[in-house]
Amino acid sequence: MSVIIFLIILSVLVVVHEAGHMWVAKSVGIRVDEFGLGFPPRIKKLFNWRGTDFILNSLPFGGYVKIFGESPSEEGEVSHPESFQSKSNSKKIMVLVAGVLANFILAWILFSIIQMIGIESQDGFIKRGFFDSVWHGFLTMGKITWLTIVALLSLLTGLFTGGADLSQIVGPVGLVGLVGTVSKAGLVYVLYFTALISVNLGIINLFPLPALDGGRVFLVLVEWVRGRKITPKVFNAMNAVSFVLLILLMILITVRDVKGLL
């Protein structure tokens, strides 16, 4: 059951993230070819909305969005008026940060719902009205975001100084265990855990690695300063290398999580 709940949480977070990219891309005139629920192989096409095929895939976690020209391989994609590459740098950055913004908005909504359901505090059980809940949800989201940034900066600093506590990092296996714990505690704790992961997902995606949104933003800024585009060959090579590094890091963390269970 913990695995199922974890996959549901992960899918919601990723689909919301990708929906943010899709909505902003469409709003600035970029063609979105496909929105995938889960990962291939494909099961069926569900429907088409404003030129975008919504696809149901076999692997039941996460999702993706195919934005035309986001990773160009042909010259025609660069000059096409509906291509990501043909838009101004400011519009590109808007599209790239939209997924992160969507994760923060989701966290805000979840923290607000928790306030409306009611929470235990030092002053007893507190249940707020709608507008009060929205405000306190926003404050909680802001506080959690700041604390997460501070913790991540401390971890990164520790990696260079030798003082990093890597035992605090968990991978998918560790997260499944945490989901099992919070699900037993009740709905409020599951919502809180989901909001925490959403904030973390948003922040981590801002890291300046080409495979992440933050890395893409960094490359757009480099192009902006240089006054010319990075060639597709160089871009794809940088993206592939950073993606492999992320996969290797995830494998190492997962192996450590599994060893911790043995």
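Residues numbered from 1 in each chain as written. Predicted model: local features only at pLDDT ≥ 70, side-chain atom pairs only at ≥ 80, totals over all residues. Heavy atoms only, no water.

## A short note on helix H7 (residues 213-226)
An α-helical turn contains 3.6 residues, so a residue and the one three or four places further along point in the same direction.
Thinking step 1. Compared with an ideal rise of 1.5 Å per residue, which puts 14 residues at 20 Å, H7 spans 20 Å between its outermost C-alpha atoms and is within 8% of the ideal.
Thinking step 2. Residues Asp213, Gly214, Gly215, Arg216, Val217, Leu219, Val220 and Glu223 constitute the buried set of H7.
Thinking step 3. A positive backbone phi angle near 80 degrees is found at Gly227, which sits one or two residues after H7. (Helix = DSSP H or I, 4+ residues; strand = E, 2+ residues; numbered from the N terminus. Expected span 1.5 Å × (residues − 1). Buried < 20%, exposed > 50% of the residue type's maximum accessible area, 1.4 Å probe, protein only.)

## Some details on the environment of Val12
Thinking step 1. As for its position among the elements, Val12 is in helix H1 (residues 2-27).
Thinking step 2. You can call Val12 partly exposed: its relative accessible area is 39%.
Thinking step 3. Note: C-alpha distance between Val12 and Thr194 (182 residues apart in sequence) is 9.2 Å.

## A word on the packing of aromatic side chains
Thinking step 1. Overall, the coordinates contain seven aromatic pairs when judged by the stated rule.
Thinking step 2. Aromatic pair Phe35 and Phe54: ring centres 5.3 Å apart, planes at 25 degrees, arrangement stacked. Remark: Phe54 occurs in strand E2 (residues 52-67) and Phe35 occurs in strand E1 (residues 32-49); sequence separation between them is 19 residues.
Thinking step 3. The exposure class of Phe35 is buried, given its relative accessible area of 4%.
Thinking step 4. On the basis of an interplanar angle of 70 degrees and a centroid distance of 5.3 Å, the ring pair of Phe111 and Tyr192 is categorised as edge-to-face. Of this pair, Phe111 sits in helix H3 (residues 89-117) while Tyr192 sits in helix H6 (residues 187-204); the two residues are 81 residues apart in sequence, bridging distant segments of the chain.
Thinking step 5. Under the relative-accessibility criterion, Phe111 is labelled buried at 2%.
Thinking step 6. For Tyr192, a relative accessible area of 34% corresponds to the partly exposed category.
Thinking step 7. Members of the aromatic cluster, connected to one another through ring pairs, are Phe35, Phe47 and Phe54. (Phe/Tyr/Trp six-rings, centres within 6.5 Å; stacked < 30°, edge-to-face > 60°.)

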